[in-house]
Amino acid sequence: MTAEFASPATASECDHMPPPEAFAVERPRLDVFGAVEALRMVTIAVVLGGYTLRRIAWHAITSGWRSPRISRRAAAAEGIVDGFERLGPMFVKLGQLIASSSGAFPRELSQACLRCLDDVRPFPAATARRVVERELGTGIGNLFTAFDDTPLSAGSVAQVHACVLPDGREAVLKVQRPGIARRMVVDLRAALLLARLLERWSEPARIANTVGVVRDLYEVTVAELNFLVEARHQTRIATGLTAFGDNKNVVVPEVYWRYCGRTVLCMQRLYGVPLDRSDAVAAAHDDPEIIIRRLVKMWLEGVCVHGLFHGDVHAGNLWLLDDGRLGVLDFGIVGTMSEPWRRLVRAMFYASAFDGDFTPVAAAMRELDLFPGQSGDDAAIGMQLAIVLGPILSGELANLDLKTITSRLLDFGKDRGVTGPEPLILLGKQLGYFERYALTLAPGWKLGRDLYLLRNIYPDEVAAEAAARGVVLPAD
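Residues numbered from 1 in each chain as written. Predicted model: local features only at pLDDT ≥ 70, side-chain atom pairs only at ≥ 80, totals over all residues. Heavy atoms only, no water.

1. Comments concerning the overall build of the protein chain
- Secondary structure summary: the protein chain contains 19 helices and 11 strands in total.
- In the protein chain, the proportion of contacts linking residues at least 24 apart, taken out of those at least 6 apart, comes to 71%.
- A total of about 21,000 Å² of accessible surface is found on the protein chain, and carbon and sulfur atoms cover 56% of it. (Helix = DSSP H or I, 4+ residues; strand = E, 2+ residues; numbered from the N terminus. Contact = heavy atoms within 4.5 Å. Areas by Shrake-Rupley, 256 points an atom, 1.4 Å probe, with all protein chains shown as cover.)

Structure (C-alpha cells):
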C-alpha cells in the first residue's frame, strides 16, 4: 500500500487561510458526569472484561487449562485489544501508545496492541462526500476533478481519500468521522472520574498527576478535532523545518488551505511506505540509521528551538518516501515548549553530549518551580539527575528500558516534590516511539551522544566537539 503527503505552504495557498475565528476550539465541559458517562463506564468495564474472558476461555479450550502462564497472558492481552477496537477512538489511541512504547508495558500487551497501528474500519464513501460538501459548501464535482471513494487509509478520528485538484495537482483529503467529537468527550469524562479515583487510592497516580494527564489529553483532543488547528500546526512545523537551510531530506505536507475546514484537511499527495515496514525500508535505503537520525534531529529542533514539535510520532505517521526522503505526517497532536522548558531540554542534551554536568539542568528545573519548598544545592541535585538521566540520554536508544526509566523519574519526583511535569512526559512518550524504530533501524545508536542532532541547537560547540572527536557530520 502507498500513501501520501508534502512541504511548506506557498504564499498563494496562505492567501486562502481562514479568518482567526475559524481556529477557535470548541470546549465542552470536562468535569460533567451524568447518565451517559455512567453508562459509558459500565460499557467499558463490560466490553473489556467480556472480550478478555472470551479470549482466555477460547485459549483454554484450544490449548488446555494448564497451558503456560505466558500464553494465557498473551490471550488476555489479545482480548484487551479486542475491547479497545470495539470501544472506539480513545481506546485505539491508547493501544497505539502501548504498541509504540513497548518497553513501558508488558510484552504480551504491547505485541497485541500492534493491531491498533493498522487501519480501522472505514465509514461509507457517501458519508465522507457529505462531510466534505457540507464543510466546503459545494458539491464534490465542483471542488475536484477526481475523488476516490475507496479510502487510502482509515484511522480512529478520520479517513483519507485521494483526489485531484482543478489545476491537476494530486492531493489527499482527510475527512473526520461524523459524531466522533461527542464520543471522545464522553470517554474523557469517564477517564477523569477514573483518574480522580486512582489519585485518591494510589500514590504513584498522585505523583504522576493522573488527573492532569487526562486534562492535558482533553486539551489535545478538542484541538485535534478542529482540522484547521492541525493545518496551522503543520504549516508552522514545515516553516521551522527549513529555518536553518538543511533538513532537505525530511518532508512535511503542504496544506492546501482553499480546500480545508474544521472537519476536512487537504494536502499534496506523496508516495511511500510506513517506517515500521523494516524490510521495505532496508531494501529501499542503504543507510537506515540516517533516517531515524534525520527524524530525531528535526523533532529535537522543534522541541529546543521552535517550541512546537510533533507529539504523536508512531510509525503510521512516518513514511520513507519513494524518493528516499522521510515524510512526517498527521499533526493532530503537537507539543509546545515555552522558553523555560526549552532551556531545560537544551541543558539536558548539552550535559549528555558535552560535559556531563547536570547542574544547569537542576537550575532550569528550579526556574520552572519544579522543586517547591526546596532549597537544596543545584550541584547536588544535578548529580542525582546525572544518575537518573545520564544513562537514558547516553545509552543505546534501542536498549532503553522504559519501565525502569519511568520508575526512576517517579522516584525522583517523589523525593523532590515534583508533580506532573507534563512537557517532559510528552517528550518522554516520543522517545518511547523512537526506541521502537531504533530496534530495527539503528541498533547501537546513542541519541544523547550524536552531535548531528544538535548541529542547529549548539552550532559552535558541535563544530568544536566534532573536530576534537574527528567526526564528520552528515551534510543534511
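Next comes the rest of the description.
2. A closer look at the sheet that holds strand S5 (residues 250-251)
- What the four strands build is an open sheet, ordered S5-S10-S9-S7; its pairing is mixed. With partners counted over all chains shown, the strands left at the sheet margins are S5 and strand S7 (272-274), one partner each.
- Contacts between helix H13 (residues 288-306) and the sheet are confined to S5, strand S9 (318-321) and strand S10 (326-328), with S10 contributing the most and set at about 40° to the helix. (Pairing = 2+ DSSP bridges. Axes fitted to C-alpha atoms, helices over the stretch in contact; angles between N-to-C directions.)

3. As for the pattern of salt bridges
- Overall, the coordinates contain 25 salt bridges when judged by the stated rule.
- Here Asp82 and Arg55 are joined by a salt bridge, their closest N and O atoms 2.6 Å apart. Of this pair, Asp82 sits in helix H3 (residues 69-87) while Arg55 sits in helix H2 (residues 35-63), and the two are 27 residues apart along the sequence.
- Residue Asp82 is classed as buried on the basis of its relative accessible area of 12%.
- Judged by relative accessible area, which is 32%, Arg55 ranks as partly exposed. (Salt bridge = Lys/Arg side-chain N within 4 Å of Asp/Glu carboxyl O. Buried < 20%, exposed > 50% of the residue type's maximum accessible area, 1.4 Å probe, protein only.)

4. Here we look at the side chain of Asn247
- If you trace the backbone, Asn247 turns up in the loop between helix H11 (227-241) and S5.
- A distance of 3.1 Å separates polar atoms of two side chains, one belonging to Asn247 and the other to Glu301.
- When residues no more than four places from it in sequence are discounted, the contact partners of Asn247 are Leu241, Lys297, Met298, Glu301 and Asp476. (Polar contact = N/O pair within 3.5 Å; in protein donor to acceptor, adjacent residues only side chain to side chain.)

5. Re the environment of Leu188
- Checked against the element boundaries, Leu188 lands in helix H8 (residues 180-201).
- Sequence spacing of Leu188 and Met90 is 98 residues, and the spatial spacing of their C-alpha atoms is 8.1 Å.

6. What to know about H2
- Helix length check: H2 (29 residues) gives 41 Å between terminal C-alpha atoms against 42 Å at 1.5 Å per residue, within 8%.
- Considered for burial, the residues of H2 that qualify are Glu37, Arg40, Ile44, Val47, Thr52, His59 and Ala60. (Expected span 1.5 Å × (residues − 1).)

7. What to know about the environment of Val334
- By the secondary structure assignment, Val334 is in strand S11 (residues 334-336).
- Sequence separation between Val334 and Ile237 is 97 residues, and the spatial gap between their C-alpha atoms is 9.6 Å.

8. Here's the deal with the pairing of strand S6 (residues 264-268)
- By the criterion of burial, S6 is predominantly enclosed, with four of the five residues buried.
- Pairing geometry for strand S4 (residues 170-176) and S6, over five bridges, is antiparallel. Following the sheet pairing, Lys174 is matched in S6 by Leu265.

9. Quick look at H13
- Taking 1.5 Å as the rise per residue, H13 with 19 residues should run 27 Å; its terminal C-alpha atoms sit 27 Å apart, in good agreement.
- The buried fraction of H13 is high, at 16 of 19 residues.
- One or two residues past the end of H13 sits Gly307, with phi positive at roughly 80°.

10. Here we look at the nonpolar core
- Of all hydrophobic cores here, the largest spans 64 residues; its most connected members are Leu275, Trp299 and Tyr437.
- Residue contributions to this core peak at 10 residues, all from H13.
- If we ignore the near neighbours within four places in the chain, the residues touching Trp299 are Phe309, His310, Val313, Leu427, Gln430 and Phe434.
- Listed in part, the 61 residues of the second largest apolar core include Phe23, Leu136, Val175 and Trp257. (Core = buried A, V, L, I, M, F, W, Y, C linked by side-chain atoms within 4.5 Å.)

11. Observations concerning unusual backbone geometry
- Phi angles above zero are rare outside glycine, and Asn247 is one such case at about 60°.
- The class for Asn247 is buried, based on a relative accessible area of 5%.

12. A few points about the packing of H2 against H8
- Following both chains from N to C, one finds H2 and H8 inclined at 80°, their axes separated by 9 Å at the closest point. Considering the angle they form, H2 stands roughly perpendicular to H8. Facing Val36, Glu37, Arg40, Met41 and Ile44 of H2, the residues of H8 in contact are Arg182, Val186, Asp187, Arg189, Ala190 and Leu193.
- Of the residues that constitute the contact of H2 with H8, the class distribution is six nonpolar, no polar and five charged. (Parallel < 35°, antiparallel > 145°, perpendicular 65-115°, else oblique. Nonpolar A, V, L, I, M, F, W, Y, C, P; charged D, E, K, R; others polar.)

13. Things to note about the environment of Ala475
- Along the chain, the position of Ala475 falls in the segment after helix H19 (459-469).
- Take Ala475: its relative accessible area is 74%, and that puts it in the exposed class.
- Along the backbone, Ala475 and Tyr452 are 23 residues apart, and their C-alpha atoms lie at a distance of 9.4 Å.

14. With respect to the pairing of S4
- By the criterion of burial, S4 is predominantly enclosed, with six of the seven residues buried.
- Direction of pairing for strand S3 (residues 158-164) relative to S4: antiparallel, over a ladder of seven bridges. Directly across from Cys163, in S4, lies its bridge partner Ala171.
- The hairpin formed by S3 and S4 contains five residues between the paired strands, and Gly168 there has a positive phi angle of roughly 95°.

15. Section: the packing of aromatic side chains
- Within this structure, the stated rule accounts for seven aromatic pairs.
- Their ring planes at 45° and their centres at 4.7 Å tell us that Tyr350 and Phe354 sit as a pair that is tilted. Here Phe354 and Tyr350 lie together in helix H14 (residues 339-355), a separation of four residues that amounts to about one turn.
- With a centroid separation of 5.0 Å and an interplanar angle of 70°, the aromatic rings of Tyr350 and Tyr458 are classed as edge-to-face. Here the residue Tyr350 occupies a position in helix H14, and Tyr458 occupies one in the loop between helix H18 (422-441) and H19, the gap between them amounting to 108 residues.
- A residue is classified by how much of its surface remains accessible, and Tyr350, at 26% relative accessible area, is partly exposed. (Phe/Tyr/Trp six-rings, centres within 6.5 Å; stacked < 30°, edge-to-face > 60°.)

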